[in-house]
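Descriptive structure summary
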Amino acid sequence: MMKKRSISASKASLVLFLCQMISALDVPLDSKLLEELSQPPTITQQSPKDYIVDPRENIVIQCEAKGKPPPSFSWTRNGTHFDIDKDAQVTMKPNSGTLVINIMNGGKAEAYEGVYQCTARNERGAAISNNIVIRPSRSPLWTKEKLEPNQVREGDSLVLHCRPPVGLPPPIIFWMDNAFQRLPQSERVSQGLNGDLYFSNVQPEDTREDYICYARFNHTQTIQQKQPISVKVFSMDSLNDTIAANLSDTDIYGAKPVTERQPILLTPTGSTSTKVELRGNVLLLECIAAGLPTPVIRWIKEGGELPVNRTFFENFKKTLKIIDVSEADSGNYKCIARNMLGSVHHVISVTVKAAPYWITAPRNLVLSPGEDGTLICRANGNPKPNISWFANGVPIAIAPEDPSRKVDGDTIIFSHVQERSSAVYQCNASNEYGYLLANAFVNVLAEPPRVLTPANKLYQVIADSPALLDCAYFGSPKPEIEWFKGVKGSILRGNEYVFHDNGTLEIPVAQKDSTGTYTCVARNELGKVQNEVRLEVKDPTMIIKQPEYKVIQRYGQVSFECIIKHDSTLLPTVIWLKDNDELPDDERFLVGKDNLTIVNVTDKDDGTYTCIVNTTLDSVSASAVLTVVAAPPTPAIIYARPNPPFDLELTGQLERSVELSWIPGDENNSPIKNFVIEYEDGLHEPGVWHYQTEVPGTQTTVQLKLSPYVNYSFRVIAVNEIGRSQPSEPSEQYLTKSANPDENPSNVQGIGSEPDNLVITWESLKGFQSNGPGLQYKVSWRQKDVDDEWTSVIVANVSKYIVSGTPTFVPYEIKVQALNDLGYAPEPSEVIGHSGEDLPMVAPGNVQVHVINSTLAKVHWDPVPLKTVRGHLQGYKVYYWKVQSLSRRSRRHVEKKILTFRGNKTFGMLPGLEPYSSYKLNVRVVNGKGEGPASPDKVFKTPEGVPSSPSFLKITNPTLDSLTLEWGSPTHPNGVLTSYILKFQPINNTHELGPLVEIRIPANESSLILKNLNYSTRYKFYFNAQTSVGSGSQITEEAVTIMDEAMASRQIDIATQGWFIGLMCAVALLILILLIVCFIRRNKGGKYPVKEKEDAHADPEIQPMKEDDGTFGEYSDAEDHKPLKKGSRTPSDRTVKKEDSDDSLVDYGEGVNGQFNEDGSFIGQYSGKKEKEPAEGNESSEAPSPVNAMNSFV
């Protein structure tokens, strides 16, 4: 138990010492002060630890230091004193410790290799530099070697070794040709980290004799060249030709063709290797593979993910680069080389070690005699570094004793120090990978107080704004600061002043009576000093006559007023702007002392004009709009805004009310609708007018409610249909008495900005709401549901207070009460706030996925415990992404989708999924701070769905009775295709559909030849794909079989033969003669006897004349020459005789030369023809032939 107490006491003492150290280090950066104070040496500049120099130039080893008095310098070399006076080649710069070794005048850099260390010393201690290792750079030549030509068979792998000379620092390697052009590199050909050139497989174009490896030594700016390497690639064809030329015809010859090979690793070798890298460095891992086709490299980290934002792939993904590595990057990294024949992998076990790095470096310590302090030196590394202390460059174990000093591991504790305790201490943290060295001095000073702020400094502020009076000071021990007003005034105290740690006095709201002389007194045990400064509080600048809205006729003149009131000691400047920009450079704009006049106004002068008044301390502005209108054509009654009221009078003054009366101004032909009363608070917001109330236009008195501690002035504005009048002249002022605040701040909130604080905010009271001087706020809080007392603090007139050191996301009861010099406002109501949120701690558990259908899934999870949310639960986020389509083996990167479910929901629907796919998801809880950790990835699969339509359907190669169909598989199969369904049916001339035929086609087919179709027939096809779930959407297409050209040509010939035309003319002539004879017989009065015979015998071959249309009957032979009436059909066997065939593609505008698309579909136009007649059964509609056309004519 005693041991625990001593540890706790030691920690408490350490915290106390740290606080004292921080305050003691606050030395003002005053140049005069720094020149007067004694200070141990501090190293300000030194050369790097590993210093590689150019052997052709002078060696400069830097060592600069500061101190009071100025330090002297000395050097050691390889651990012993380096006497520079005995070496003519070595000099030290004046007032500096920097060494210059003259190499350019005969010295040799190799003679000065070694370890150097600088010591800067004065009467208060000694500081030392790092050990600086000096090494001259080297750029040796390549050793001569005999390079044999590389003869390699096409497709084999090849490595061209560079083996550069060992230089200091190592050279940069690159490959070029004789023309100094870099050799192209690719996934197949690339340079390794060791400089060798690797060929995964060679090709004939790799044959060349100028593969040259170059080594560039940057330090000496030299480039060394290796002898050219020759590569000759034998292709299989040329090798076979060579063998054939040397063998007889009967010999069996022939080289094996180029064979594809699965990958093998060229580097590194074996299946595993190890790699050690230091923390903060760049980790480079390499895998180069041979194989044909060229292998592709992929990297993974076993049991983890590659670090985000720090991982890069170089050299065509053959090199894995991780920057700024840390111990967390240790692990096994696997490279996988893969081509279509197989894969090979290699595991590299990476261990990240660490040279020492600072956790807490020791800091300079300034103490007063008798004070306590600590120096802390904490470093980390892998392995953990050893900490050793030095005093003035000597190991502390053999350094002179100091009774005030005690070493405790990585901490030195100082107690009751004296001036002789001043020294420079060095902390060395080292392990096998390096070391850190830090100097930190302990400077014990006994200094009387000094005030650094100039005497009689003048501060000027505007009334009602903050005033800051400086009192910069220094002393050891730290002085106490007091402020007085006036030469013999009392010490300043109270809530109306704020005293800052740096000595500054703040007056939050300076008033005119704050003007005067203020005295700052700094006092410690060694003395006292004082300094006077002056404060002047100026009246604020106000615009008492603001520019007003103007409507002016075109080509008229307008003037804006801007009359100001300002402090007599301040010089104001007035600037006018138009639309927030400078006034146009136009002589029509005339700027006077307190106005702006525009003459000969034009339309472009329309806009907003602003008057800005600036002084050295404040700035005010006011704006008005100018509207330019056209001049009225004829005089009319002028309707204008009313004139302002006048003769304002206050009567019946009480503490909380007063009566205001006025006389209305001229109405200007438009009755006054109402009066608006505004007030000005000359005490809190002078120059700012606020709305008070309004009354009807028939009323000229009003009883006004007032607030305490307000210096009221009132003005009245009249309003009619045209607009508002100018404000009246202000009334006399009326100052109401002070009182307690009537109300408390509104909108009180408690929201943490950090996990360990509570930020209490509120809306401050307006000036007139303070009801009296000295407005402040009492802020109270306590943790809810915990039996704690209220914690309260009184703050100045601000709107925020931060409570630190709170638990994370805990409810608090909060209240803010206003108070002034007369007392408190009524007891405020309590509000509930919360301290700051932190990120949620745990991920949702028991994540389950229920797949509803192929595009929808439902995810469930268990809610996280509310205590682990550590904030306001906003909901849960579900991240889900497609991993792989089960119908395709290839993977592609898909962005993660995010769905947010508000509140404490434990399930959600995932819409828009793709059928027959593999998905992953995880769930995270969300609060106001952000997202918590993700749940383990959950894998789920969607079932099959119906496929999309085939990607295309193309119909080609039309013949008399067949069509060829070609199609593409669906873009989205959404499962395993089981078959394709083809349906088709003929279409007749009236677009009526015939019987539907259905064919099922295996899923692996992509084309089909349909046979036994009718010639010259249009067909409509319906095509879709099927999975086990059902049929997908269909795609349709139409096509036409072609006609027999011989039949078509015969039909055309009949209509164009001369004998056929002569026959038709003879028939027409005979009919005409018969008509003439009949006409003559009737005119003679006799009855033609043949008529009765015809009626009696009813000869079917002679049809009577139709009475309805006046045409004659049609004559036909008994058998072959029966007339084809309109709408007649061809025989059902689809044969057409020469005599009665009257349907031809010629009738459709293109004849037998009708055109077809590339896919075989007919594109001839049925131009100039009526729609085809409806088909009956399997018959086909035919167009009338020339023969029938003639029969119809006669």
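Our structure is the block above this text.
Report on the accompanying structure. Within any chain, residue numbers begin from 1 and follow the written order of that chain's sequence. With the structure being a predicted model, the display of local features is reserved for residues of pLDDT at least 70 and the display and counting of side-chain atom pairs for 80 or more, all residues being used for whole-chain, interface and lining totals. Side-chain numbers come from the whole structure's heavy atoms, not from hydrogens or water.

Here we look at the sheet that holds strand β76 (residues 907-910)
- In spatial order, the strands read β72-β73-β76; together these three strands make up an open sheet with antiparallel pairing. With partners counted over all chains shown, the strands left at the sheet margins are β72 (845-853) and β76, one partner each. Averaged over all pairs of adjacent strands, the angle between strand axes in this sheet comes to 20 degrees, irrespective of strand direction.
- Any two strands with at least two DSSP bridges between them are considered paired. Secondary structure is summarised from DSSP: a helix means a run of H or I of at least four residues, a strand means a run of E of at least two, and numbering begins at the N terminus for each. Relative to strand β73 (residues 856-862), β72 runs antiparallel, the two sharing six bridges. Bridge assignment links V851 to a residue of β73, and that residue is A857. Orientation is described by axes fitted as lines to C-alpha atoms, over the contacting stretch for helices, and by angles from 0 to 180 degrees between their N-to-C directions.

Here we look at the sheet that holds strand β77 (residues 917-926)
- With respect to topology, four strands assemble into an open sheet ordered β75-β74-β77-β78, the strand pairing being antiparallel. With partners counted over all chains shown, the strands left at the sheet margins are β75 (897-902) and β78 (938-941), one partner each. Going across the sheet, the axis of each strand differs from the next one's by a mean of 30 degrees, ignoring polarity.
- Note that strand β74 (residues 875-885) and β75 share six bridges and pair antiparallel. Paired with K877 across the bridge in β75 is T900.

Thoughts on the nonpolar core
- Residues grouped as a nonpolar core are buried Ala, Val, Leu, Ile, Met, Phe, Trp, Tyr and Cys residues, joined through side-chain atoms within 4.5 Å. Three exposure classes are used, based on accessible area relative to the maximum for each residue type with a 1.4 Å probe and protein chains only: buried under 20%, partly exposed in between, and exposed over 50%. Membership of the largest hydrophobic core comes to 30 residues, with the highest contact counts inside it found for I59, I61, W75, I101, Y116 and I134.
- Among the elements of the structure, β2 (50-53), β3 (59-61), β4 (63-68), β5 (72-77), β8 (99-101), β9 (114-122) and β11 (132-136) are those that each provide at least two residues to this core.
- In terms of residues, this core owes the most to one element, β9, which gives three residues.
- If sequence neighbours within four positions are ignored, I59 has contacts with V53, L99, V100, I101, I103, A109, Y112 and I134. Between two residues, a contact is recorded if the distance between any of their heavy atoms is within 4.5 Å.

Brief notes about the packing of aromatic side chains
- Pairing of aromatic rings covers Phe, Tyr and Trp, the last through its six-membered ring, and needs centres within 6.5 Å; plane angles under 30 degrees mean stacked, over 60 mean edge-to-face, and all others mean tilted. The full count for this structure, using the stated rule, is 21 aromatic pairs.
- Geometrically, the ring pair formed by W662 and F675 is edge-to-face, given 5.4 Å between the ring centres and 65 degrees between the ring planes. Taken together, the residues W662 in strand β58 (residues 657-663) and F675 in strand β59 (residues 674-681) connect sequence positions 13 residues apart.
- The buried category is assigned to F675, whose relative accessible area is 0%.
- Relative to F714, the ring of Y712 lies with its centre 5.4 Å away and its plane at 5 degrees, an arrangement referred to as stacked.
- The exposure class of Y712 is buried, given its relative accessible area of 2%.

Here's the deal with the environment of D206
- Topologically, D206 is positioned in the loop between β16 (197-199) and β17 (208-217).
- Considered as a pair, D206 and V233 are 27 residues apart in the sequence and their alpha carbons are 6.8 Å apart.
- Setting aside anything within four residues of it in sequence, one finds D206 in contact with R188, F199, N201, Y211, V231 and V233.
- One polar contact links D206 to R188, side chain to side chain, over a distance of 2.6 Å. Counted as a polar contact is a pair of N or O atoms within 3.5 Å, where, for protein atoms, one must be capable of donating a hydrogen and the other of accepting one, and residues adjacent in sequence contribute only when both atoms are in side chains.

A look at the state of the cysteines
- Two cysteine sulfur atoms form a disulfide, by the criterion used here, when they sit within 2.5 Å. If you walk through the whole model with that rule in mind, you get six disulfides.
- At a sulfur-sulfur separation of 2.0 Å, the disulfide partner of C63 is C118. Taking the sign of the S-S torsion, -70 degrees for the link of C63 and C118, the bridge is left-handed. Of the two residues, C63 is situated in strand β4 and C118 in strand β9; the sequence distance between them amounts to 55 residues.
- C63 sits in the buried class, given a relative accessible area of 0%.
- Bridging C287 to C335, the disulfide has an S-S length of 1.8 Å. Judged by the torsion about the S-S bond (-65 degrees), the C287/C335 disulfide is left-handed. Of this pair, C287 sits in the loop between β22 (283-286) and β23 (288-292) while C335 is found in strand β27 (residues 331-339), placing the two residues 48 residues apart along the sequence. Per residue, the accessibility class of C287 equals that of C335, and both read buried.

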